Amino acid sequence: MGLIVNGKWVDNWYDTTASKGKFERQESRFRATISNEPDSQYPVEADRYHLYVSLACPWAHRTLIFRQLKQLEGIISVSVVQAQMLENGWEFGEPGTPYEDNLYQQQYLYELYLKSASDYQGRVTVPVLWDKKTQTIVNNESSDIIRIFNTAFNQLTGNDLDFYPEHLRSDIDQINERIYHTINNGVYRVGFATSQVAYEQAYDELFESLDWLEQHLSANRYLMGDTLTEADWRLLTTLLRFDAVYHGHFKCNRNKLNEFHHISNYVRELYQVEGIASTVDIPYTKLHYYGSHRTINPTLVVPKGPEQNFDLPHDRASI
Ligand SMILES: N[C@@H](CCC(=O)N[C@@H](CS)C(=O)NCC(=O)O)C(=O)O
């Protein structure tokens, strides 16, 4: 785990000294979009853009879900990094193996960040939306990438599904904000805290939000009532990892998610939407978290449990 400093890779864990033990996530630097507006740096084209993802990462997972939902598999190609992220950060497998860099056969993801911007400073994160033509990073912020996927390629795919409809935008933005802070990034704020106070504060905020969510989902099929939106997909990727990873590894252990009736049924409903199960890999995900974070789990031993089955029936049609 590390970052780029003055053009070089440095192996460093998160520094939480300045923030009194609180984990603070770095802002994403590449924030361009894909469009056919005049002067667009990145025009809409099939087979021009590529996604770099980890199957463990809840942020990258959102982009894989939107690639499925929006039928972009034939338009956006993908490379998956190896599960473990050790002293060199995200790493690719040997050429010809499932985790190779399909474009350049690089060994490390940081090499692509430097290829795109030789002055890049900071952490090297997934997801990355890459432009094969200019060999640059278009965007490395999952919340932007899913909105690009939501509309940019509609003319090429004929898929008009809209997960960010105009009339719900301000409500979606509002609920996203709460869920991002207390649940999506919340589990990281719990797990990466290095002081008791920071840990307990993030833990309390997380479970307060999960209690609210359980209540909300008892009367609403989706976060926005009857309409399935990006807010649900953004939330799902954290919920899917909760019992297998965040409950144990990140010490989010007041409850398991399967003790929340409505939340766990909601997770199963979304998991069972066509194409979604193929984007989920729990064994790889466990290997990533337990097998990479030496400061939290020095032996890197990966737990066998829990037993989970997201294919079991759900009761959401009755809500
Ligand atoms: N805000 C970014 C966050 C991406 C992110 O932090 N990804 C994690 C993996 S889950 C990562 O690559 N971390 C590597 C590091 O921090 O060094 C997004 O939503 O795309």
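Calculation criteria
- Residues numbered from 1 in each chain as written.
- Predicted model: local features only at pLDDT ≥ 70, side-chain atom pairs only at ≥ 80, totals over all residues.
- Heavy atoms only, no water.
- Near = heavy atom within 4 Å.
- Polar contact = N/O pair within 3.5 Å; in protein donor to acceptor, adjacent residues only side chain to side chain.
- Areas by Shrake-Rupley, 256 points an atom, 1.4 Å probe, with all protein chains shown as cover.
- 1 Å grid on protein atoms, 1.4 Å probe; cavity = no way out; pocket = protein on both sides within 12 Å on 5 of 7 lines; lining within 4 Å.
- Sits in = over half its atoms within 2 Å of the grid points.
- Nonpolar A, V, L, I, M, F, W, Y, C, P; charged D, E, K, R; others polar.
- UniProt positions renumbered as here; feature names shortened; annotations may be inferred.
- Helix = DSSP H or I, 4+ residues; strand = E, 2+ residues; numbered from the N terminus.
- Buried < 20%, exposed > 50% of the residue type's maximum accessible area, 1.4 Å probe, protein only.
- Contact = heavy atoms within 4.5 Å.
- Right-handed = clockwise from strand over helix to strand, strands pointing away.
- Pairing = 2+ DSSP bridges.

Within an unreviewed UniProt entry, the label attached to the chain reads Glutathione-dependent reductase, and the organism entered is Pseudoalteromonas ulvae.

Caption draft 1: Inspection of the site of the ligand at higher detail. Around the ligand, the surrounding shell holds 19 residues, and the nearest of these are Tyr 14, Arg 25, Cys 57, Glu 141 and Ser 142. A distance of 3.0 Å separates an oxygen atom of the ligand from a polar atom in the side chain of Arg 123. Within the backbone of Val 126, a nitrogen or oxygen atom sits 3.0 Å from a nitrogen atom of the ligand. With the chains in place, 94% of the 510 Å² that the ligand exposes on its own is no longer accessible. Cavity membership is defined here by more than half of the atoms lying within 2 Å of grid points; on that basis the ligand lies in the largest pocket. The class makeup of the residues in the shell around the ligand is eleven nonpolar, five polar and three charged.

Caption draft 2: Inspection of the UniProt feature "binding site: glutathione" (unreviewed entry) in the chain at higher detail. Within this structure's numbering, the places UniProt gives as "binding site: glutathione" (unreviewed entry) are Trp 90, Arg 123, Val 124, Thr 125, Val 126, Glu 141 and Ser 142. For the largest pocket, the lining residues drawn from the annotated set are Trp 90, Arg 123, Val 124, Thr 125, Val 126, Glu 141 and Ser 142. Turning to its location among the elements, Arg 123 is positioned in strand β5 (residues 122–123). Arg 123 gets classed as buried once you look at its relative accessible area, which sits at 12%. Arg 123 has contacts with Met 1, Gly 2, Leu 3, Asn 12, Trp 13, Tyr 14, Gln 26 and Tyr 113, leaving out every residue within four places of it along the chain. Turning to its location among the elements, Val 124 is positioned in the loop between β5 and β6 (128–131). If we skip the residues at most four places from it in the chain, Val 124 touches Ile 4, Trp 9, Trp 90, Leu 109, Tyr 110 and Tyr 113.

Caption draft 3: Inspection of the pairing of strand β3 (residues 49–53) at higher detail. Counting buried residues along β3, five of its five residues qualify, which places the element largely inside the surrounding structure. Burial of the side chains of β3 extends over both faces: Tyr 49, Leu 51 and Val 53 are buried on one face and His 50 and Tyr 52 on the other. Note that the unit made of β3, helix α1 (residues 58–69) and strand β4 (residues 76–80) has a crossover that is right-handed. Where β3 lies against β6, four bridges are found, and the strand directions are antiparallel. When the sheet's bridge partners are listed, Leu 51 is paired in β6 with Leu 129.

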